[in-house]
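Now for the letters of each chain:
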Amino acid sequence: MADLEMPAKTHGVGVFLELRKKLQTGLLIVGKAVASSPADVVVTGGDSSLHIRTPRGELSLTLPAGVTLEQGFCVPTPAGESCGEELHFRLRISVTPSADEEASDGVVEMLRAKETYCFHCQGCMTRLLEDRVFKRVLPLPNGNWNTIVDDWCCHPDPFANRKLLPRAEDCLLGDTFLLLARDGGCDQTLAEEVSSVGSEDSQDSKKTCRRLALVSCKSCSLVLGEAVPPESLKLYITQVVVEPAVGDRMPEASLNRSLYLEQTLAARLLGLSTSMSTFHFSVQTPDGKAFLLLWLLNSDSITASVPQTCVGGDGSLHSPTARVLKLLYTARSDTGIQHRDIVSSWEANAIGHPVVLPLKVCEELLQVIDDSNSALPASMRSMRSYEVAYLRL
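Just so it is clear, the model here is predicted, and its values are computed rather than measured.

Focus on the sheet that holds strand S17 (residues 240-244)
Okay, step 1: Taken in spatial order, the 3 strands line up as S9-S8-S17 in an open sheet, and their pairing is antiparallel. A strand with exactly one partner marks an edge of an open sheet, and here the two such strands are strand S9 (127-133) and S17. Adjacent strand axes in the sheet meet at a mean angle of 20°, parallel and antiparallel pairs treated alike.
Okay, step 2: Across 5 bridges, strand S8 (residues 116-121) lies against S17 in antiparallel orientation. Opposite Cys121, over in S17, you have Val240 as the bridge partner.

Focus: the pattern of salt bridges
Okay, step 1: With the rule as written, the count across this model stands at 11 salt bridges.
Okay, step 2: Note that Asp300 and Arg20 form a salt bridge whose closest N and O atoms lie 2.7 Å from each other. Separated by 280 residues along the polypeptide, Asp300 in strand S19 (residues 290-307) and Arg20 in strand S1 (residues 13-20) bring together distant segments of the chain.
Okay, step 3: For Asp300, a relative accessible area of 7% puts it in the buried group.
Okay, step 4: With a shortest N-O distance of 3.0 Å, Glu364 and Arg257 are connected by a salt bridge. A residue pair is termed long-range when its members are at least 10 positions apart, and Glu364 in helix H6 (residues 359-374) and Arg257 in helix H4 (residues 257-276) qualify at 107 residues.
Okay, step 5: Exposure remark for Arg257: the relative accessible area of 18% places this residue in the buried category.

Observations regarding the side chain of Ser49
Okay, step 1: Following the sequence through the fold, Ser49 ends up in strand S4 (residues 49-54).
Okay, step 2: Polar contacts involving the side chain of Ser49 include one to the side chain of His51, which spans 3.2 Å.

Let's talk about the nonpolar core
Okay, step 1: Ranked by size, the top nonpolar core spans 33 residues in total, and within it Leu292, Leu294 and Ile369 carry the most contacts.
Okay, step 2: Elements supplying a minimum of two residues to this core: strand S12 (177-181), H4, strand S18 (280-284), S19, strand S21 (322-331), H6 and strand S24 (386-392).
Okay, step 3: Once residues lying within four places of it in the same chain are set aside, the contact partners of Ile369 are Leu292, Leu294, Tyr329, Ala389 and Leu391.
Okay, step 4: Of all hydrophobic cores here, the second largest spans 27 residues; its members include Leu129, Val137, Cys171 and Val240.

What counts, and at which threshold
- Residues numbered from 1 in each chain as written.
- Predicted model: local features only at pLDDT ≥ 70, side-chain atom pairs only at ≥ 80, totals over all residues.
- Heavy atoms only, no water.
- Pairing = 2+ DSSP bridges.
- Helix = DSSP H or I, 4+ residues; strand = E, 2+ residues; numbered from the N terminus.
- Axes fitted to C-alpha atoms, helices over the stretch in contact; angles between N-to-C directions.
- Salt bridge = Lys/Arg side-chain N within 4 Å of Asp/Glu carboxyl O.
- Buried < 20%, exposed > 50% of the residue type's maximum accessible area, 1.4 Å probe, protein only.
- Polar contact = N/O pair within 3.5 Å; in protein donor to acceptor, adjacent residues only side chain to side chain.
- Core = buried A, V, L, I, M, F, W, Y, C linked by side-chain atoms within 4.5 Å.
- Contact = heavy atoms within 4.5 Å.

What follows is the structure in structure tokens.
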């Protein structure tokens, strides 16, 4: 049977598994529509797999290399308020470090000087730029640099009204974007449209709208980033596919948009948390408005989720596990009292490293995260007034 992907929206979770590699523990949740009592569930381990037998049928979950179940250690545990709908089991696993573990590096971590890269539109895989070889690949200051520059200088801000722009053979790396010089082919593949961003609906009349020259793909109209005068491009990592140029190899077909967005941002959040030792992120639109608050709990989880409608039938069902980031989140637009308190606390204490994305991408990300939350067992969907979600790496 074909492998199952994580369901976009599930009203009844049949089996849910989360393993923690660092803690070497796991939680297995079985819906009572699949098994009515702990005695109905038998869990055994195999070669890089976990086998679950229930009255509805058998399920095999493929585990990463080096991860195995400790035989005989599957203990029923209280399900709390969800005891009427779910059975919970605690597992113990053993983990052997594996050199084959999948890398989670994104485009920002991948780019190197003196290598050749192809740039394609993520929506339709049209080639956007001529192959580029960069003499310099340099990180830009992080998103907070303008706000802390006063702490560096004992005299007026020397960077005021100055932009950090790339030279002809530079690639400057932002947290969520690449800054490149335009080339001669850009007019053939890119379109520009001036758009206003800012606070038209803001009560602060002193704040004026900013005008941006949005850059989009001529083939499919996907917004890719911004034109930065003079002659520079700001391309968001969620909108372009960057690959090493290898011979005459043709690019793969356009990747699933939701999965590409999910994996790209998961890799970037993991990279930022590792390099900056920060776990709180404020997803913002280009005008600086917070859209989504994210709290990265861990990056060592392995999960699998199978809806109850897929458990049962003839034969054994096979399903993969996935490496994920576990997040707590709240949307800026949530109107509940607890959500407002969280937002106020983050703003008052300047919590959250800014992660800037176009508004449409912010909305797509929220949809991906909400879908992840909806697919979780009821007992797993919230924690400490936040919602819970997983992003695949």
